[in-house]
Amino acid sequence: MLQSLSLSALLLSARVLASPSSPPSDPLPLLIWHGLGDNYAADGLAEVASLASETNPGTYVYIIRLDEDASSDRTATFLGNVTEQIATVCAAITADPILSSAPGVNALGFSQGGQFLRGLVERCGGANGIQVRNLVTFGSQHNGIAKYQLCKPTDWLCKGYIGLLKANTWGAWVQGHLVPAQYFKAVDEDTGEPTDEYLANSNFLADINNERALKNVTYAQNLAQLGNFVMYVFENDTTVIPKETGWFAQTNLTSGDVVELRDRDIYKEDWIGLKKLDEKGGLHFKTIEGEHMTLGDKVLKEVFKEWFAPPKASWKKVVEDVVQEVLEL
Ligand SMILES: *[C@@H]1O[C@H](CO)[C@@H](O)[C@H](O)[C@H]1NC(C)=O
Ligand SMILES: *[C@@H]1O[C@H](CO)[C@@H](O)[C@H](O)[C@H]1NC(C)=O
Ligand SMILES: *[C@@H]1O[C@H](CO)[C@@H](O)[C@H](O)[C@H]1NC(C)=O
Ligand SMILES: *[C@@H]1O[C@H](CO)[C@@H](O)[C@H](O)[C@H]1NC(C)=O
């Protein structure tokens, strides 16, 4: 008797929940951080943004920019202090009325934009910061780069900056001003350990990966709070060296041997929360065919459906939950 009463009460509330008057859940807003040499107003990004809102109608998309002027935004992909850039983006997002009032956001990072979004999660997450639910990165340099080869063949501006930074990677001026230098990583050829110069001078990567003796526990807490972290590596990427950096792997450039993330200290000692995230099923290693950033609509659409769709409150699920609750009474 008691049980059947509870059952009808529960079914009634289930009906109310699923009735047409209850609003459908909206997709979370989407942040996109573009790559080197790109700018937030570029046509390609506008297309990605409209594909995102076509796939999940109602998605509010914010393309991250460091300047409202498109050409200055592009310059900021080569030139700037990444620590300051992430702080600027953090301030802009937390001050945005739509982004800051949403229950969370999703995030999509292209190439270097991927590790910068991760930096944003680590530094700007937490209770009063940005709540990133799912983070997807394409061809990013999470474990740094071992060579500078990031410019398109005809991108002379990019090549100019790269030439400048090759000369003096670890100098304070270069680390404070040239973006790719701040995720360049040098390791000892024999031991595979990061060099002292890198640990002492890297303005961004060594810090955000908690590679120094003193770890920032906030970084690990914030990253482990992601729902999912999905990392795509391009199978035939010859721009990012080594391409396995997109999965936080360490590659021996001489032998080609790859030490996977799960075999590295950053994971085993959980410096940045990746192990915790993995243990709750939130870490995903994906490959995609082709050269660096050869991304078609088909893949993007699948990604948007899988990771950025609103949670489904289907009848089937509601009824299953009710039955489960009744069984537990
Ligand atoms: C750790 O990172 C947080 C977030 O960026 C920062 O507020 C805090 O000062 C850092 N702590 C240390 C010890 O550097
Ligand atoms: C980058 O900016 C931060 C914050 O202003 C500053 O503390 C740091 O020294 C700068 N890095 C370099 C290498 O100049
Ligand atoms: C990288 O490979 C070379 C050539 O096989 C080898 O001599 C070197 O010890 C390797 N380095 C590490 C850290 O395994
Ligand atoms: C990727 O590289 C492999 C081996 O070099 C080649 O067989 C394959 O056709 C390439 N795939 C694409 C999509 O370029």
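As a starting point, this report considers the structure included with it. (Residues numbered from 1 in each chain as written. Chains lettered and ligands numbered in written order. Predicted model: local features only at pLDDT ≥ 70, side-chain atom pairs only at ≥ 80, totals over all residues. Heavy atoms only, no water.)

1. A look at the side chain of N81
To keep things clear, this is the line we draw: Numbering goes from the N terminus for both helices and strands, where a helix is a DSSP run of H or I of at least four residues and a strand is a run of E of at least two. Residue contacts are defined here by distance: any two heavy atoms, one from each residue, within 4.5 Å place the two residues in contact.
As for its placement among the helices and strands, N81 is situated in the loop between α3 (70–75) and α4 (82–95). Residue contacts for N81: discarding those within four places in its chain leaves G176, Q182 and N203.

2. Points about the site of ligand 1
Note the cut-off: Throughout, near means a residue has at least one heavy atom within 4 Å of the molecule or strand. Within 3.5 Å is the distance limit for a polar contact, defined as a pair of N or O atoms, with the added protein rule that one can donate a hydrogen and the other accept it, and that residues adjacent in sequence qualify only through two side-chain atoms. For accessible areas, the Shrake-Rupley method is used with a probe of radius 1.4 Å. Any residue's cover is judged against the shown protein chains and nothing else.
Neighbouring ligand 1 are the residues R123, N216 and Y219. N216 is positioned with one of its side-chain polar atoms (N or O) 2.2 Å from an oxygen atom of ligand 1. Protein chains shield 38% of the accessible area of ligand 1, which is 360 Å² for the free molecule.

3. With respect to the packing of aromatic side chains
Basically, it comes down to this: In this scheme Phe, Tyr and Trp rings, the latter by its six-membered ring, pair at centre separations within 6.5 Å, and the angle between planes marks the pair as stacked below 30 degrees, edge-to-face above 60, and tilted otherwise. For a lysine, the NZ atom is tested; for an arginine, the CZ atom; a charge sits over a ring if that atom is within 6 Å of the ring centre and within 35 degrees of the ring normal.
Under the counting rule described, the total for this entry stands at 12 aromatic pairs. Here the aromatic residues W33, F116, Y183 and F204 are joined through ring pairs into a cluster of three or more. The ring centre of W271 lies 3.8 Å from the NZ or CZ of K215, which sits over that ring.

4. Observations concerning the state of the cysteines
Spelled out, the test is: Count a disulfide wherever a pair of cysteine sulfur atoms falls within 2.5 Å.
Under the criterion given, the structure shown has 1 disulfide. Across a sulfur-sulfur distance of 2.0 Å, C90 and C124 are joined as a disulfide pair. Judged by the sign of its S-S torsion, about 75°, the cystine formed by C90 and C124 is right-handed. Placement of the pair is C90 in helix α4 and C124 in helix α6 (residues 112–124), with a sequence separation of 34 residues.

5. Observations regarding helix α2 (residues 43–55)
For clarity, the threshold we go by: To estimate the expected span of a helix, count its residues, drop one, and scale the result by 1.5 Å. Note on classification: 1.4 Å probe, protein chains only; a residue is buried when its accessible area is under 20% of the maximum for its type, exposed when over 50%, partly exposed between these limits. Here the arc refers to the directions that run from the helix axis out to each C-beta atom.
The terminal C-alpha atoms of α2 lie 18 Å apart, and with 13 residues this matches the ideal 18 Å at 1.5 Å per residue to within 8%. Those residues of α2 lying buried are L45, V48, A49, L51, A52 and T55. In an axial view of α2, the angular spread of the buried residues amounts to 160°, which keeps them on one side of the axis. For α2, the exposed residues lying more than 90 degrees away from the buried face are D43, E47 and E54.

6. Notes on the packing of α2 against helix α14 (residues 297–308)
The condition is simple: Orientation is described by axes fitted as lines to C-alpha atoms, over the contacting stretch for helices, and by angles from 0 to 180 degrees between their N-to-C directions. Between 65 and 115 degrees an angle is taken as roughly perpendicular, under 35 as roughly parallel, over 145 as roughly antiparallel, and anywhere else as oblique. Each crossing gets its hand from how the near helix is turned against the far one by less than a right angle, where anticlockwise is left-handed and clockwise is right-handed. Classes in brief: Ala, Val, Leu, Ile, Met, Phe, Trp, Tyr, Cys and Pro nonpolar; Asp, Glu, Lys and Arg charged; the others, Gly included, polar.
Two numbers describe how α2 lies on α14: the axes approach to 9 Å, and their chain directions differ by 45°. Regarding the angle of α2 to α14, the classification is oblique. In the crossing of α2 with α14, the sense of the turn from one axis to the other is right-handed. Residues V48, L51, A52 and T55 of α2 form the contact with α14, whose participating residues are D297, L300, K301, F304 and K305. Here the contact of α2 with α14 is composed, by residue class, of 5 nonpolar, 1 polar and 3 charged.

7. Focus on α14
Of all the positions in α14, only L300, V303, F304, W307 and F308 are classed as buried. Burial along α14 is one-sided: seen end-on, the buried residues are contained in an arc of 100°. Exposed residues on α14 whose side chains face more than 90 degrees from its buried face are K298, K305 and E306. As for α14, its buried residues are in contact with β1 (30–33), α2, β3 (105–110), β4 (132–138), β5 (228–234) and β8 (283–288).

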